[in-house]
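Chains, contacts and geometry: an overview
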Amino acid sequence: MTLPDLSGFDAVVYDLDGTLVNLRVDWNEAARDAALVLREAGVEADSMDLWRMLDVADEHGVREELERELAAHERQGAWTSDRLPLADHLPEDGVPSGVCSLNAEDACRVALDVHELEPHVDAVVGRDTVATEKPDPEPLLVTLAEMGVEPDSAVFVGDSSRDEVTAERAGVAFRYVGDGPSGV
């Protein structure tokens with residue numbers, strides 16, 4: 001895996017899953033459990049992906065229940081997550097560092113703790129920390145604000161095209177971990 005050049009930036013914000021760690025989540029099982037939450041609300045969700053389920057959960061007032069279900073899967077996956085090579089750079093980067101993730105904040109904190117990275121992270125923003133999620137720029141901008149850093153002096157490191165779009169919308173430099181986008 002090629003590590004990105006992060007020199008020249010006053011702060012670094014990392015995506016979590018696929019960037020610093022790999023959460024061991026059975027996403028098919030998580031989707032089945034999420035569909036059950038929606039089915040109980042009278043919505044047929046078997047053909048929806050998780051992102052659509054989250055939107056539909058908002059529309060039917062069951063976002064909190066769906067978030068609880070997904071966060072439980074993510075926390076379990078965080079406890080058994082695999083540390084990725086870029087995580088070794090985090091303690092050595094010498095600048096304020098944050099995490100901005102599509103995973104639940106609590107799951108992010110569990111993974112950071114499991115891999116002894118928590119002391120090196122100044123801010124953590126997950127899917128459930130703010131009202132919007134990536135690729136909306138708000139989660140990244142909130143992460144930077146909590147770090148006390150201006151967008152034009154930071155870099156966001158991620159593994160997906162969604163991460164790249166988030167950085168672009170926030171006015172933040174972007175670097176891929178590895179050789180390019182791994183997914184959404």
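Located above this text is the structure these notes cover.
Here is a short report on the structure shown in this document. These numbers were taken from a predicted model, which means no experiment stands behind them.

1. Here we look at the packing of aromatic side chains
Within the structure shown, the criterion is met by 2 aromatic pairs. Here Phe 174 and Tyr 176 contribute two aromatic rings whose centre-to-centre distance is 4.8 Å and whose plane-to-plane angle is 90°, an arrangement assigned as edge-to-face. Each member of the pair Phe 174 and Tyr 176 is classed as buried. Its end group placed over the ring of Trp 51, Arg 162 keeps NZ or CZ at 4.8 Å from the ring centre.

2. Observations concerning the nonpolar core
For soluble globular proteins, the rule of thumb is that nonpolar side chains tend to be buried together. In this structure, Tyr 14, Leu 16, Leu 20, Leu 23, Val 99, Leu 112 and Val 157 are the most contacted members of the largest nonpolar core, which totals 24 residues. Residue assignment for this core shows that the elements contributing at least two residues are strand S1 (11-14), helix H4 (105-114) and strand S6 (154-158). Counting residues per element, this core draws most heavily on H4, at 4 residues. Contact partners of Leu 20, with chain neighbours within four places excluded, come to Tyr 14, Asp 15, Asp 82, Arg 83, Leu 84, Leu 86, Ala 87, Leu 90, Val 99 and Leu 112. Core analysis: the second largest hydrophobic core is formed by 17 residues, Val 37, Met 53, Leu 54 and Leu 70 among them.

3. Quick word on unusual backbone geometry
For the peptide bond that leads from Lys 134 to Pro 135, omega is 20°, which places it in the cis range. Checked against the element boundaries, Pro 135 lands in the loop between strand S5 (123-125) and helix H5 (138-147). Even without a glycine there, the phi angle at Glu 116 is positive, about 55°. By the secondary structure assignment, Glu 116 is in the loop between H4 and S5. For Glu 116, a relative accessible area of 63% corresponds to the exposed category.

4. Section: H4
Those residues of H4 not exposed but buried are Ala 107, Cys 108, Val 110, Ala 111 and Leu 112. In the core, the buried residues of H4 are packed alongside strand S2 (21-22), helix H3 (63-79), strand S4 (97-100) and S5. Residue Glu 116 follows H4 closely and has a positive phi angle near 55°.

5. Thoughts on the sheet that holds S5
Across the sheet, 5 strands lie side by side as S5-S4-S1-S6-S7; this open sheet has parallel pairing. Looking at which strands have only one partner, the edges of the open sheet turn out to be S5 and strand S7 (173-176). Adjacent strand axes in the sheet meet at a mean angle of 20° when their direction is disregarded. In terms of strand pairing, S1 meets S6 through 4 bridges, oriented parallel. Each bridged residue has a counterpart across the sheet, and for Tyr 14 the counterpart in S6 is Val 157.

Rules behind the numbers
- Residues numbered from 1 in each chain as written.
- Predicted model: local features only at pLDDT ≥ 70, side-chain atom pairs only at ≥ 80, totals over all residues.
- Heavy atoms only, no water.
- Phe/Tyr/Trp six-rings, centres within 6.5 Å; stacked < 30°, edge-to-face > 60°.
- Buried < 20%, exposed > 50% of the residue type's maximum accessible area, 1.4 Å probe, protein only.
- Lys NZ or Arg CZ within 6 Å of the ring centre and 35° of its normal.
- Core = buried A, V, L, I, M, F, W, Y, C linked by side-chain atoms within 4.5 Å.
- Helix = DSSP H or I, 4+ residues; strand = E, 2+ residues; numbered from the N terminus.
- Contact = heavy atoms within 4.5 Å.
- Pairing = 2+ DSSP bridges.
- Axes fitted to C-alpha atoms, helices over the stretch in contact; angles between N-to-C directions.

From the geometry alone we can't say anything about function, so treat these as descriptive.
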